[in-house]
Amino acid sequence: GLLPNLQIMEYLRAFLGARIGWSKLNMLIIISGAFGVFRREVLVDVGGYNTQTVGEDAELVLRMHRRARESNRPYRITFFPDPICWTEVPTSLRVLARQRDRWQRGLGQMLWLHRDMFFRPRYRGVGSVAMPYFLVFEWFGPVVEVFGYVFVAFALLFGLLNVQVALWFLGFAVLAGIALSFCVVIIEQHAYRRYLRWRDMAWLCSAAVLENLGYRQFLAVVRLKAMILAGHRGTRWGEMTRAGFSHEVEDPDMPTGQEIEDSPL
């Protein structure tokens with residue numbers, strides 16, 4: 001489906017780009033709940049999940065950074081780019097909106113709970129680089145994006161903006177985003193080869209183009225709304241309807257049950 005493929009492109013960009021970079025710097029503060037594995041003793045030591053947040057997985061990771069820095073304990077929180085599990089993404093706009101609303105509120109709660117970590121030398125890059133980045137670009141990003149659309153629309157309407165210049169900037173922004181997505185698809189194909197049919201690759205590349213035509217704008221509005229209503233919704237998760245997998249995914253490189261039984265290993 002189109003909506004799941006648009007989300008796949010988002011995940012590929014996040015996983016094969018941003019999270020690998022944050023991991024290398026030991027500043028990774030978000031690990032997706034579906035893919036997170038923790039040492040039990042560390043999890044118990046920091047008090048487990050905080051049930052008063054809706055982004056409990058990310059808040060837990062940030063609390064682990066905090067505890068390790070405060071106790072001067074050497075540690076690493078690492079992103080491993082080869083997950084061997086599946087997660088089911090929303091298949092309707094309504095459920096997707098609930099999910100992104102929760103993510104945005106969870107980000108705000110996490111940054112607020114640990115606001116005293118900002119720019120404190122004790123917390124090094126996590127407090128001086130990662131948290132300010134997420135505050136500026138992820139938390140306030142929807143404000144800039146949505147009001148940017150509104151401002152440009154009014155500027156064009158009242159003749160305050162050169163149409164040709166606006167089209168040039170729009171084309172450059174869209175092409176830059178598409179190029180980044182294509183690079184991630186190439187990395188995915190070169191490193192992991194999970195998509196073996198040309199039809200699947202063409203579908204992914206099409207999603208990289210189509211996400212600029214309404215999908216990104218829809219998510220920006222959802223996230224802005226989540227910011228505005230964050231204080232009223234508190235820790236409510238919202239219903240996450242699951243559609244289920246409609247068929248068994250076939251992987252030609254995956255051994256069958258009989259092949260596993262016949263293997264000397």
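Keep in mind the model is a prediction, meaning the values are calculated, not measured.

1. A closer look at the packing of aromatic side chains
Evaluation of the coordinates by the stated rule reveals 9 aromatic pairs. On the basis of an interplanar angle of 85 degrees and a centroid distance of 5.6 Å, the ring pair of Phe-15 and Phe-35 is categorised as edge-to-face. Of this pair, Phe-15 sits in helix H1 (residues 2-24) while Phe-35 sits in the loop between H1 and helix H2 (40-45), placing them 20 residues apart in sequence. With relative accessibility at 11%, the residue Phe-15 sits in the buried group.

2. Describing the packing of H1 against helix H4 (residues 93-113)
Across the interface, H1 lies against H4 with an axial gap of 11 Å and an inter-helix angle of 25 degrees. By the angle between their axes, H1 is roughly parallel relative to H4. By crossing handedness, the relation of H1 to H4 is classed as right-handed. Here Leu-3, Gln-7, Glu-10 and Tyr-11 of H1 lie close against H4, whose contacting residues are Leu-93, Leu-96, Gln-99, Arg-100 and Trp-103. Each residue belonging to the contact of H1 with H4 can be placed in one class, and the counts come to 5 nonpolar, 2 polar and 2 charged.

About the thresholds
Residues numbered from 1 in each chain as written. Predicted model: local features only at pLDDT ≥ 70, side-chain atom pairs only at ≥ 80, totals over all residues. Heavy atoms only, no water. Phe/Tyr/Trp six-rings, centres within 6.5 Å; stacked < 30°, edge-to-face > 60°. Helix = DSSP H or I, 4+ residues; strand = E, 2+ residues; numbered from the N terminus. Buried < 20%, exposed > 50% of the residue type's maximum accessible area, 1.4 Å probe, protein only. Axes fitted to C-alpha atoms, helices over the stretch in contact; angles between N-to-C directions. Parallel < 35°, antiparallel > 145°, perpendicular 65-115°, else oblique. Left-handed = near helix turned anticlockwise from the far one by under 90°. Contact = heavy atoms within 4.5 Å. Nonpolar A, V, L, I, M, F, W, Y, C, P; charged D, E, K, R; others polar.

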